[in-house]
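Per-entry structural report
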Amino acid sequence: MMPPSRTSRHQALFLVAITLLLLVTVSATAAQNKAQAEKELKILKSTIADIQETLRTNLARQSKAQQNIRHIDKKLAEASAKLRTTRQQITQANDKLKQLEVEQREKTSLREKQRQRLASQLRSAYIAGRQEYVKLLLNQEDPTKVSRMLEYYRYLNQARIDDIKELQQTLQRLTVIEQDIQTTLVTLSDLKEAQETQQQKQSTLKKEQQIALNKLKRSYSNQNSRLEKLRKDEQELAKVIKSIEKALRQFAPKQSLTGLGKFKKKLQWPASGSIIHRYGSNKLGKRLKWNGILIGAQEGDSVHAIHHGQVVFADWLRGYGLVVIVDHGKGYLSLYGQNQSLLKSPGDWVEAGEPVATSGGSGGSGQPGLYFEIRYKGRPQNPVAWIR
């Protein structure tokens, strides 16, 4: 074989160098992307912290009734989150119990089969031990035949030993399963007791929420004061969105989000239920218009993100209760309000259809359901134009 030429060696070294350079470049790019993502998240969280501080300051200037609404909404959200977790744990425990019971039945059946097989082998061994094995030795048959028969008996003995070991393993596993079943039953009992306590607490808080809402309604002397309150609610939401958009502009060029412009009539509903209030319809007589839609979702139902994006706000907001706002890029935001509890935090990435909250009646609206908006560059859009 001819040795490689100098040119071939140079080409090989060049390819290795290029490969190493590409690996270094990819690694450096990944590090830069990670650093950029961390920088973006830091900016976002800093902005959200500023917004929350402003909201707390504004709340201190609001009526006691409004402050009480927020306090109860927050407590109810916490209680609902604990109850949801407990229900999930009960479901998991029930699933585990079913799996253990299935395995228990399978192992019990296997144990009986192993016992029967072993008993049959022992009977055969007993008969063979009294007749064939003794006969072979006494008759001094052909040594080759004797050797084969002894090997055969050795094989049978080993099979019995293996069967005994398998039976022992089955019995040991059955013991473990029985212990796991008892432990799971105790856990289930504790969880169901906790669930009952949490349900009672949630029910009490809902009554307090209704009382607080009635007090809030009585605090309005007339329609004008109610109108002023609603306008202030809208103004506060507009300020929050403006602050978020300002932060997003600082790192928007680096984002991979493509917006909602190409998805009209292609997105799924954020929650199940009919539309109670439509976009642009009258609110408080003819003095205000709805900037979004109110969907008649059942209390505790999952609220889903309509498209891929990043959570940029998740907190209580006057007039809108517990709110999640998702950035979809290119100036598009989706808003999910009046929630019972929030499942996401600022900075979290979500996919289309992923739960972001559970629906409720927070914020003092007095009408349970999901309040849903889509905004483009701060301006409300008709959400129905995007939902299929």
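Residues numbered from 1 in each chain as written. Predicted model: local features only at pLDDT ≥ 70, side-chain atom pairs only at ≥ 80, totals over all residues. Heavy atoms only, no water.

**Description of the overall build of the protein chain**
This is how the line gets drawn: Numbering of helices and strands runs from the N terminus, with a helix taken as a DSSP run of H or I at least four residues long and a strand as a DSSP run of E at least two residues long. When accessible area is computed with a 1.4 Å probe and restricted to protein chains, residues below 20% of their type maximum are described as buried, those above 50% as exposed, and intermediate ones as partly exposed. Contacts were defined at the residue level, with two residues in contact if any of their heavy atoms lie within 4.5 Å. All accessible-area figures derive from a Shrake-Rupley calculation using a 1.4 Å probe, and residue coverage is judged against the displayed protein chains alone.
Check the secondary structure of the protein chain and you find 5 helices and 12 strands. Here the protein chain holds 388 residues, and the buried ones make up 36% of them. At a minimum sequence separation of 6, the contacts of the protein chain that also span at least 24 residues come to 74%. Accessible surface computed for the protein chain: about 23100 Å², of which carbon and sulfur atoms make up 53%.

**Quick notes on the side chain of Asp327**
Worth spelling out the cut-off: A 3.5 Å cut-off defines polar contacts: any pair of N or O atoms within that distance qualifies, except that in protein one atom must be a possible hydrogen donor and the other a possible acceptor, and neighbouring residues in sequence count only when both atoms are side-chain atoms.
Secondary-structure assignment places Asp327 in strand 7 (residues 321–329). Of note is the side chain of Asp327, whose polar atom sits 2.9 Å from the backbone nitrogen of Gly329.

**Side note on unusual backbone geometry**
Note on backbone geometry: most residues besides glycine have negative phi, and most peptide bonds are trans. Not every positive phi belongs to a glycine, and Lys265 is a case in point at roughly 60°. Among the structural elements, Lys265 can be located in the loop between helix 5 (223–251) and strand 1 (275–277). Phi is positive for Gln338, which is not a glycine, with a value near 65°. Tracing the backbone shows Gln338 in strand 8 (residues 332–342). You can call Gln338 buried: its relative accessible area is 5%.

**What to know about the pattern of salt bridges**
Test applied: We define a salt bridge as a contact between a side-chain nitrogen of Lys or Arg and a carboxyl oxygen of Asp or Glu at a distance within 4 Å.
Under the counting rule described, the total for this entry stands at 11 salt bridges. A salt bridge links Lys206 to Glu299; the nearest nitrogen and oxygen atoms lie 2.3 Å apart. Of the two residues, Lys206 sits in helix 4 (residues 143–218) while Glu299 sits in the loop between strand 4 (293–295) and strand 5 (302–304), which places them 93 residues apart along the sequence. The exposure class assigned to Lys206 is partly exposed, which follows from its relative accessible area of 27%. With relative accessibility at 37%, the residue Glu299 sits in the partly exposed group. Measuring nitrogen to oxygen at the nearest pair gives 2.6 Å for the salt bridge that ties Lys344 to Glu354. Remark: Glu354 occurs in the loop between strand 9 (349–350) and strand 10 (355–359) and Lys344 occurs in the loop between strand 8 and strand 9; sequence separation between them is 10 residues.

**Some remarks on the pairing of strand 6 (residues 309–317)**
Definition in use: When DSSP finds at least two bridges between two strands, those strands are taken to pair.
With 9 of 9 residues buried, strand 6 is to be regarded as a mostly interior element. Pairing of strand 6 with strand 9 involves 2 bridges; the strand directions are antiparallel. Bridge pairing in strand 9 places Gly309 opposite Val350. Two successive antiparallel strands, strand 6 and strand 7, enclose a turn made up of 3 residues, where Gly319 displays a positive phi of approximately 85°.

**Things to note about the packing of aromatic side chains**
The following threshold applies: The criterion for an aromatic pair is that two Phe, Tyr or Trp rings (for Trp, the six-membered ring) have centres within 6.5 Å, with stacked assigned to planes under 30 degrees apart, edge-to-face to planes over 60 apart and tilted to the rest. When the NZ atom of lysine or the CZ atom of arginine is within 6 Å of a ring's centre and also within 35 degrees of its normal, the charge is said to sit over that ring.
Taken as a whole, this structure holds 5 aromatic pairs when the rule is applied. Pairing Tyr332 with Trp386 gives two aromatic rings, centres 6.0 Å apart and planes at 65°, and the pair type is edge-to-face. Of this pair, Tyr332 sits in strand 8 while Trp386 sits in the segment after strand 12 (379–381), and the two are 54 residues apart along the sequence. Just as Tyr332 is buried, Trp386 falls in that class too. Ring-pair connections join several aromatic residues into one group, and the members of that group are Trp290, Tyr320 and Tyr371. Residue placement shows Lys264 over the ring face of Trp386; its charged tip is 4.9 Å from the ring centre.

**Remarks on the environment of Gly259**
Along the chain, Gly259 falls in the loop between helix 5 and strand 1. In this structure, the C-alpha to C-alpha distance between Gly259 and Tyr332, residues 73 residues apart in sequence, is 5.6 Å. Excluding anything up to four places from it in sequence, Gly259 contacts His307, His328, Gly329, Lys330 and Tyr332.

**Brief notes about the confidence of the model for the protein chain**
As a general rule, the predicted coordinates of low-pLDDT regions are not to be interpreted in detail. Basically, it comes down to this: Confidence of the predictor at the level of single residues is captured by pLDDT, which takes values from 0 to 100.
The pLDDT averaged across the protein chain works out to 83; a share of 79% of its residues lies at or above 70. Of all helices and strands in the protein chain, the one with the weakest mean pLDDT is helix 3 (residues 132–139) (52), whereas strand 11 (residues 370–376) scores best (97).

**Considering the pairing of strand 7**
When you tally the buried positions in strand 7, you get 9 out of 9 residues, the bulk of the element. Note: strand 6 against strand 7, 7 bridges, orientation antiparallel. Residue pairing for strand 7: Val311 is matched across the bridge by Val326. The hairpin formed by strand 7 and strand 8 contains 2 residues between the paired strands, and Lys330 there has a positive phi angle of roughly 55°.

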